[in-house]
Amino acid sequence: MSKRPPPPDPVVVLRGHRASVTDVCFHQTKPILFAGTTGGELRIWDTVQHRTVSSSWVHSAAHGIVSVATGPSIGLNKVISQGRDGTVKCWDIENGGLSSNPSLTIKTNSYHFCKLSLVKVPYANAKQANEPKDCYEREVGETVDTDSLCDSKDDVPAKGPKYMAVAGEQLSEVEIWDLNTAERCTRLHQNSCGGSPNFLSKGRGMCMAVQAYLPSKSQGFVNVLAGYEDGSILVWDIRNPGIPLTAMKVHLEPVLCLSIDESCNGGISGGADQKIVLYNLDHSTGSCVIKKEINLERPGISGTSIRPDSKIAATAGWDRRVRIYNYRKGSALAILKYHHATCNAVSFSSDCKLMASASEDSTVALWELYPPHA
């Protein structure tokens, strides 16, 4: 019987950060990667030439960056940074780097580690928003045209609800902010609960992870998936902020991360326990149904990500491992062992060809895994 081939090594390791890399995300159409650190640095990497395009300290070193995000709702040539200084900043990409000043600053007064979420739009809608695109159509020897990063004439208009979900100033709440007006428009309270009548809200604790999304076939109404300190996950419709659509206990310890797939019909969560959970979202009933639970030998999942083709999912672990799963079946595919400290985040490129993993060892590793068929 043939043995499973050994897990691959990284294609390249991006070095140069001076502090723990807390989050990474790819540009929607160009071969560049954004990485944020606990030192407050937001660095742009060329994923073809494997070099730094620009480096800016966008939050104070005393507070650092919690997350970085891009998405159709803010347009192609923008990136958002979230700091532990209680601010969220939107940056224009210009002159091969970031604008000298943010185009938008929101003071959320939220000072913990829950990463913000832009609104995920179902794949069909997002694809329409980003066409036409030149997604990584370059020869290996060709570098990024940094001038093209700041040509607003070619920028694709923003698509989808321009909102942001973030753990609130009151730690048990989720807040929805309008990115057009920089104003808070909704608070999702834990006053009462949908789903099980025996599931009490007072024991949920802090909001630890959020993902805003647009349910398929909806009329543009945003839902929010939120994970809490007691291990529960709640589904909210922001039109009814007092009562969640459903609530269920999925982890024994705090939920630390969750992701939704490109169809917005399911997702994956990780926590401080020894479990990864795959689930389906039933929009007709507003319910979240567990599809599979995966038990781990060691506790602690810091980050999750689902590849845009919804074929594989990745997790970033406290044990320095990146785990790869068949997203549809929940079966294990590989355990990647490169990093020398806790893995904080994983992210896939929009063309599904690259995955980035970020670690407390101050490096970002790029991987080529199960490349999609042309």
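This text follows the structure it describes.
One structure accompanies this document, and this report is about it.

Rules of the game
Residues numbered from 1 in each chain as written. Predicted model: local features only at pLDDT ≥ 70, side-chain atom pairs only at ≥ 80, totals over all residues. Heavy atoms only, no water. Pairing = 2+ DSSP bridges. Helix = DSSP H or I, 4+ residues; strand = E, 2+ residues; numbered from the N terminus. Axes fitted to C-alpha atoms, helices over the stretch in contact; angles between N-to-C directions. Salt bridge = Lys/Arg side-chain N within 4 Å of Asp/Glu carboxyl O. Buried < 20%, exposed > 50% of the residue type's maximum accessible area, 1.4 Å probe, protein only.

1. A short note on the sheet that holds strand β3 (residues 32–37)
Part 1: The sheet built from four strands is open, its strands ordered β2-β3-β4-β5 with antiparallel pairing. Edge positions in the open sheet fall to β2 (21–26) and β5 (51–57), since each of these has one partner strand only. On average, each strand axis in the sheet is tilted by 20° relative to the strand beside it, whichever way the strands run.
Part 2: As paired elements, β3 and strand β4 (residues 41–46) share five bridges and run antiparallel to each other. Opposite leucine 33, over in β4, you have tryptophan 45 as the bridge partner.

2. Focus: the pattern of salt bridges
Part 1: Evaluated as defined, the whole model comprises 13 salt bridges.
Part 2: In this structure, the salt-bridge partner of arginine 51 is aspartate 46, at a minimum N-O distance of 3.9 Å.
Part 3: Its relative accessible area of 33% is what places arginine 51 among the partly exposed residues.
Part 4: Given a relative accessible area of 0%, aspartate 46 falls into the buried group.
Part 5: Aspartate 309 serves as the salt-bridge partner of arginine 307, at 2.8 Å between the closest nitrogen and oxygen.
Part 6: Residue classification places arginine 307 among the buried positions, given a relative accessible area of 2%.
Part 7: Overlapping salt bridges, with partners in common, bring together Glu173, Glu175, Arg184 and Arg187 in one network.

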